[in-house]
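Here is how the chains run, residue by residue.
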Amino acid sequence: MKRTEQHGNHSWIVTNFVSSRPWQPRLYQVVLLIFGALFAAANVLFLLNNKKDPSAKTFIASNQVHNSQRYPFVPADLIIQCGLAEHVNLETLPEKPLTKSLGFVKPHKVGGSTVANIVNRIVWGRNMTKMIPSGYINLGFPAPFPGDYKQMKQFNNNNNNETTGIYRFDAVSNHAVFNADAFRTYLKEPMLSFTILRDPLERAISAFNYIPPYSYGNYSWQHFIRTYKNITHIKTRDDAKHVNPMAHALGWYHSRPPILISGNNSNTPMKGMMWTTAFDHNESAIREFIQKVDIEMDLVMILDHLTESLLLLRDELLPEELEVTELLWSNFKMLYDHFRDRLLARWEAKVEQAPEETIQLKNGLNCLYELSRNFSPPRAIDSQSPFR
Ligand SMILES: Nc1ncnc2c1ncn2[C@@H]1O[C@H](COP(=O)(O)OS(=O)(=O)O)[C@@H](OP(=O)(O)O)[C@H]1O
């Protein structure tokens, strides 16, 4: 029913829903009430959950950590099936931050995600803070560290660098270019700096397979070699991922002033800079650089010796501060071994193993494998690789 009220010179049309009968809820009001109640309940639950588990604060979570369970990547049944359960007690694992911050330099295609996952899990489990890039991938790379990163919302005076006032984190594990001074500015003291390297040719093949535009399969390995062999400047992020990228991540190109690209290019991935490759074959300069890295980096791990590398990493901390199981859990070989054994057991248990079909399939697969070898990057041209 519509009512017109007169107030001085103004008149309002007041629409109301008053009926002559006592108030009775209508369907839309009931629906609104239910939604309101659900919304309020969800908010309360969210607040309670965050209060209960401070490590669930979104700031600490990395892009690789998706839910609020304490160790999200390890299904409990897998731990049990792998015989680790008797060694691991989730409840008694230390929750204290490590005595050192973790400055992990992650070059591309060197097994860095495996190591970054270890760092992330340690950070997650021990209620530590990690510097997160704004875009979740690069802390500046290929430009200088740290680039744009998410600021800590709550400043804690204990964590601030006394000289700069900048918040200091417990860990860094995204793609970045190592600079000892810059890392020390943003990471708590004492810092444990480490990285991982891989045979350069293996790495280049991995990059060829995974990094655009080559990963799209439209260009040959020969095209890849031709493109990068005589490159004079690193101008794009893809150049940086393909040309001497492990050295780039360790600071090789940044040890000389960049060439500034004219115009306003500060928003490009390279931040308006490019780097010359003129010194890439200068042996004495390379030796000098290796010496510098040797002094500044606490541990350089090697992918082919990951187990030994991780144990040496553990030894950089206080005795017993980091349990081997905390490293083991991210060992995807364990996952592989587990499912390989499961598959073989299922095969053994198969009632009829069908020998004729087995031979036919095996021959066909061999044939396909030979074909693919002939049409994929031929190892014979390894010696021409600019990465050697
Ligand atoms: N534990 C372990 N042992 C041996 N090899 C391993 C391991 N973890 C990762 N890898 C191999 O590393 C390659 C992926 O590297 P990244 O994780 O650094 O890639 S990325 O830059 O983060 O995209 C990729 O190499 P390729 O398979 O040759 O492409 C992975 O297979």
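Within every chain, residues take consecutive numbers counted from 1 along the sequence as written. The model is predicted, so local features are restricted to residues of pLDDT at least 70 and side-chain atom pairs to those at 80 or more, both for listing and for counting; the totals for chains, interfaces and linings are taken over all residues. Neither water nor hydrogens contribute to the side-chain values; these are computed over all heavy atoms in the structure.

- You'll find the protein chain entered in an unreviewed UniProt entry as Galactose-3-O-sulfotransferase 2, with Seminavis robusta given as the organism.
- Per UniProt, the protein chain has the following entry under Sequence similarities (unreviewed entry): "Belongs to the galactose-3-O-sulfotransferase family."
- Here is the UniProt Subcellular location (unreviewed entry) comment for the protein chain, exactly as written: "Golgi apparatus membrane". UniProt positions are given in the numbering used here, feature names are shortened, and annotations may be inferred rather than shown by experiment.

Some thoughts on the pairing of strand 5 (residues 191-197)
Consideration 1: Counting buried residues in strand 5 gives 7 out of 7 residues, a clear majority hidden from the surface.
Consideration 2: The alternating pattern of strand 5 places Met191, Ser193, Thr195 and Leu197 and Leu192, Phe194 and Ile196 on opposite faces, both of which are buried.
Consideration 3: The pairing of strand 3 (residues 101-105) with strand 5 spans 5 bridges and is parallel. Among the inter-strand pairings, Phe104 is bridged to a residue of strand 5, identified as Phe194. Here's how the labels work: a residue is buried when its accessible area is under 20% of the maximum for its type, exposed when over 50%, partly exposed in between, all with a 1.4 Å probe on protein chains only. The secondary structure listing takes helices from DSSP runs of H or I that are at least 4 residues long and strands from runs of E that are at least 2 residues long, numbered from the N terminus. We call two strands paired when DSSP finds no fewer than two bridges between them.

What about the nonpolar core?
Nonpolar side chains in soluble globular proteins generally cluster together in the buried interior.
Consideration 1: Core analysis: the biggest nonpolar cluster contains 68 residues, and Phe145, Phe183 and Phe194 have the highest contact counts within it.
Consideration 2: Among the elements that make up this core, the one with the highest residue count is helix 3 (residues 112-125) (6 residues).
Consideration 3: Note on definitions: a residue-residue contact is assigned when non-hydrogen atoms from the two residues lie within 4.5 Å. The contacts of Phe145, once residues within four sequence positions are left out, are Met131, Leu139, Val172, Ala176, Val177, Ala182, Phe183 and Tyr186. Think of a nonpolar core as a cluster: buried Ala, Val, Leu, Ile, Met, Phe, Trp, Tyr and Cys residues, connected wherever their side-chain atoms sit within 4.5 Å.

As for the sheet that holds strand 4 (residues 171-172)
Strand-to-strand pairing in sheets goes through backbone hydrogen bonds, with the strands running parallel or antiparallel.
Consideration 1: Strand order in the open sheet formed by 4 strands is 4-3-5-9, and the pairing between neighbours is parallel. The strands lining the two open edges of the sheet, one partner per strand, are strand 4 and strand 9 (299-302).
Consideration 2: As judged from the 4 bridges shared by strand 5 and strand 9, these two strands associate in the parallel manner. Bridging from a neighbouring strand, Leu197 pairs with Ile302 of strand 9.
Consideration 3: Packing of helix 10 (residues 306-315) onto the sheet brings it into contact with strand 5 and strand 9, and relative to strand 9 it is tilted by some 160°. The axes used here are C-alpha line fits, helices contributing only the stretch in contact, and every angle between their N-to-C directions lies in the interval 0 to 180 degrees.

A word on the site of the ligand
Consideration 1: Near the ligand lie 14 residues; those nearest to it are Lys106, Gly112, Ser113, Thr114 and Ser206.
Consideration 2: Here an oxygen atom of the ligand and a side-chain polar atom of Ser113 are 2.6 Å apart.
Consideration 3: Contact between the ligand and Arg198: an oxygen atom at 2.8 Å from a side-chain N or O atom of the residue.
Consideration 4: For the ligand, whose unbound accessible area comes to 640 Å², protein coverage reaches 66%.
Consideration 5: Put simply, the parts of the chain that give the shell around the ligand at least two residues each are helix 3 and helix 5 (200-210).
Consideration 6: Here the nonpolar group is Ala, Val, Leu, Ile, Met, Phe, Trp, Tyr, Cys and Pro; Asp, Glu, Lys and Arg are the charged ones; every other residue, Gly included, is treated as polar. For the shell around the ligand, the residue count by class is 4 nonpolar, 7 polar and 3 charged. Near, as used in this document, describes a residue that has one of its heavy atoms within 4 Å of the molecule or strand being considered. What qualifies as a polar contact is a pair of N or O atoms within 3.5 Å, subject to a donor-acceptor requirement within protein and to the restriction that residues adjacent in sequence count only when both atoms come from side chains. For every accessible area listed, the method is Shrake-Rupley and the probe measures 1.4 Å; residues are considered covered only by the protein chains on display.

Some words on empty space enclosed by the protein
Consideration 1: Of the two site types, the cavity is a set of points on a 1 Å grid over the protein atoms alone where a 1.4 Å probe fits but cannot get out, and the pocket is an open set with protein on both sides within 12 Å along at least five of seven lines, each lined by residues with an atom within 4 Å of a point. Grid points are joined across faces, edges and corners, and a volume is the space filled by probe spheres set on the points. Throughout the structure, instances matching the rule amount to 2 cavities of 30 Å³ or more.
Consideration 2: If you add up the space inside the largest cavity, you get close to 50 Å³.
Consideration 3: Around the largest cavity sit Leu102, Ile118, Val119, Ile122, Leu192, Phe194, Leu313, Leu317 and Leu322, which together line it.
Consideration 4: Where the lining of the largest cavity is concerned, the elements lending two or more residues are helix 3 and strand 5.
Consideration 5: Top element by residues in the lining of the largest cavity is helix 3. It accounts for 3 residues.

Some details on the environment of Asn174
Consideration 1: In this structure, Asn174 sits in the loop between strand 4 and helix 4 (180-186).
Consideration 2: Remark: the alpha-carbon pair of Asn174 and Pro107, spanning 67 residues in sequence, is separated by 8.8 Å.
Consideration 3: Looking at Asn174, its side chain comes within polar contact range of the main-chain oxygen of Ile137, at 3.3 Å.

Examining the sheet that holds strand 7 (residues 259-260)
Consideration 1: The 3 strands lie next to each other as 6-8-7, forming an open sheet whose pairing is antiparallel. In the strand order of this sheet, the two ends are held by strand 6 (233-234) and strand 7, each with one partner.
Consideration 2: As judged from the 2 bridges shared by strand 7 and strand 8 (residues 273-276), these two strands associate in the antiparallel manner. Bridged to Leu260 within strand 8 is Met273.

What about helix 5?
Consideration 1: Of the residues making up helix 5, those classed as buried are Leu201, Arg203, Ala204, Ile205, Ser206, Ala207 and Phe208.
Consideration 2: One side-chain oxygen at the N-terminal end of helix 5 lies 3.2 Å from the backbone nitrogen of Leu201; it belongs to Asp199.

Concerning a nonpolar patch on the surface
Consideration 1: Patch membership requires over 30% relative accessible area and the absence of a salt bridge. Like charges are linked within 9 Å, and nonpolar side chains (Val, Leu, Ile, Met, Phe, Trp, Tyr) within 5 Å. Salt bridge, as used here, is a side-chain nitrogen of Lys or Arg placed within 4 Å of a carboxyl oxygen of Asp or Glu. A surface patch of nonpolar side chains, amounting to about 340 Å² of accessible area, comprises Leu27, Val31 and Phe35.
Consideration 2: Within the secondary structure layout, Leu27 lies in helix 1 (residues 27-52).

Some remarks on unusual backbone geometry
Consideration 1: Glu189 connects to Pro190 through a cis peptide bond whose omega is -10°.
Consideration 2: Relative to the helices and strands, Pro190 resides in the loop between helix 4 and strand 5.
Consideration 3: The residue after Pro212, namely Pro213, is reached through a cis peptide bond having omega 0°.
Consideration 4: Along the chain, Pro213 falls in the loop between helix 5 and helix 6 (221-229).

So, the packing of aromatic side chains
Consideration 1: Each Phe, Tyr or Trp ring (for Trp, its six-membered ring) is paired with any other whose centre lies within 6.5 Å, and the angle between the two planes then decides the class: stacked below 30 degrees, edge-to-face above 60, tilted in between. In total, this model carries 17 aromatic pairs according to the counting rule given.
Consideration 2: Ring geometry for Trp252 against Phe289: centres 5.3 Å apart, planes inclined by 70°, an arrangement best described as edge-to-face. Of the two residues, Trp252 sits in the loop between helix 8 (245-249) and strand 7 while Phe289 sits in helix 9 (residues 283-296), which places them 37 residues apart along the sequence. Taken individually, Trp252 and Phe289 each receive the classification buried, so the pair is uniform in this respect.
Consideration 3: Three or more aromatic residues joined by ring pairs form one cluster here, namely Phe145, Tyr149, Tyr167, Phe169, Phe178, Phe183 and Tyr186.
Consideration 4: The aromatic ring of Tyr210 is capped on one face by Lys109, whose charged end is 4.2 Å from the ring centroid. We count a charge as sitting over a ring when the NZ of a lysine or the CZ of an arginine lies within 6 Å of the ring centre and within 35 degrees of the ring normal.

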